[in-house]
Amino acid sequence: MISRTDLTAAFLRTFAIQGSWNYRTLLGGGLAYAMLPLLVRIHSGDPVALRRAVRRHASSFNGRPGPRSDRAVQNGVARSAGSDR
């Protein structure tokens, strides 16, 4: 079960997403980094599923780096966390 601590950790990591922007994955690497505490909790005991989930979320995520992109990515983290199973 996802705890409040996991959600807080994922939320706080979203503020570092802008630093991961690149032309290949846009914000995908930062999204995977932000979601990592949730993915670890969801896929505990299954390292193969965890690896697949991180790879899936580290792929291209269309966004733009900037102050207004944080909210979109935070919403993406919340929506994607529920769809990993």
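Residues numbered from 1 in each chain as written. Predicted model: local features only at pLDDT ≥ 70, side-chain atom pairs only at ≥ 80, totals over all residues. Heavy atoms only, no water.

Focus: the overall build of the protein
Stage number 1. A count of helices and strands for the protein gives four helices and zero strands.
Stage number 2. Counting from the amino terminus, the protein carries its helices and strands in the arrangement α-α-α-α.
Stage number 3. The 85 residues of the protein split such that 36% are buried.
Stage number 4. Here the contacts in the protein between residues at least 6 apart in sequence split such that 71% fall between residues at least 24 apart.
Stage number 5. Total accessible area on the protein stands at roughly 5500 Å², and carbon and sulfur atoms take up 56% of it. (Helix = DSSP H or I, 4+ residues; strand = E, 2+ residues; numbered from the N terminus. Buried < 20%, exposed > 50% of the residue type's maximum accessible area, 1.4 Å probe, protein only. Contact = heavy atoms within 4.5 Å. Areas by Shrake-Rupley, 256 points an atom, 1.4 Å probe, with all protein chains shown as cover.)

What to know about the packing of aromatic side chains
Stage number 1. Using the criterion set out here, one finds two aromatic pairs in the structure.
Stage number 2. An angle of 90° between the planes, with centres 5.2 Å apart, marks the rings of phenylalanine 11 and phenylalanine 15 as edge-to-face.
Stage number 3. Relative accessible area serves as the criterion here: at 40%, phenylalanine 11 is assigned to the partly exposed category.
Stage number 4. Here the aromatic rings of tryptophan 21 and tyrosine 23 are separated by 4.7 Å at their centres, their planes lie at 75°, and the arrangement is edge-to-face.
Stage number 5. Residue classification places tyrosine 23 among the exposed residues on the basis of a relative accessible area of 73%.
Stage number 6. Between the NZ or CZ atom of arginine 13 and the centre of the ring of tyrosine 33, over which it lies, the distance is 4.2 Å. (Phe/Tyr/Trp six-rings, centres within 6.5 Å; stacked < 30°, edge-to-face > 60°. Lys NZ or Arg CZ within 6 Å of the ring centre and 35° of its normal.)

Describing the confidence of the model for the protein
Stage number 1. For the protein, mean pLDDT is 81; residues scoring 70 or higher make up 73% of the total.
Stage number 2. Taken element by element, the predicted model of the protein shows its lowest mean pLDDT in helix H4 (residues 69-82) (62) and its highest in helix H3 (residues 47-57) (94). (pLDDT = per-residue confidence, 0-100.)

A few points about H3
Stage number 1. Within H3 the residues assigned to the buried category are Ala49, Ala53 and His57. All buried residues of H3 fall inside an arc of 60° around its axis, so they share one side. Those residues of H3 that are exposed and aimed more than 90 degrees away from the buried face are Pro47 and Arg55. (Arc of directions from axis to C-beta.)

Concerning the packing of helix H2 (residues 28-42) against H3
Stage number 1. The contact between H2 and H3 brings their axes to 8 Å, and the two run at 150°. In terms of orientation, H2 lies roughly antiparallel with respect to H3. Between H2 and H3 lies a crossing of right-handed hand. For the pair H2 and H3, contact is made by Gly28, Leu31, Ala32, Met35, Leu36, Leu39 and Val40 and by Leu50, Ala53, Val54 and His57, respectively. (Axes fitted to C-alpha atoms, helices over the stretch in contact; angles between N-to-C directions. Parallel < 35°, antiparallel > 145°, perpendicular 65-115°, else oblique. Left-handed = near helix turned anticlockwise from the far one by under 90°.)

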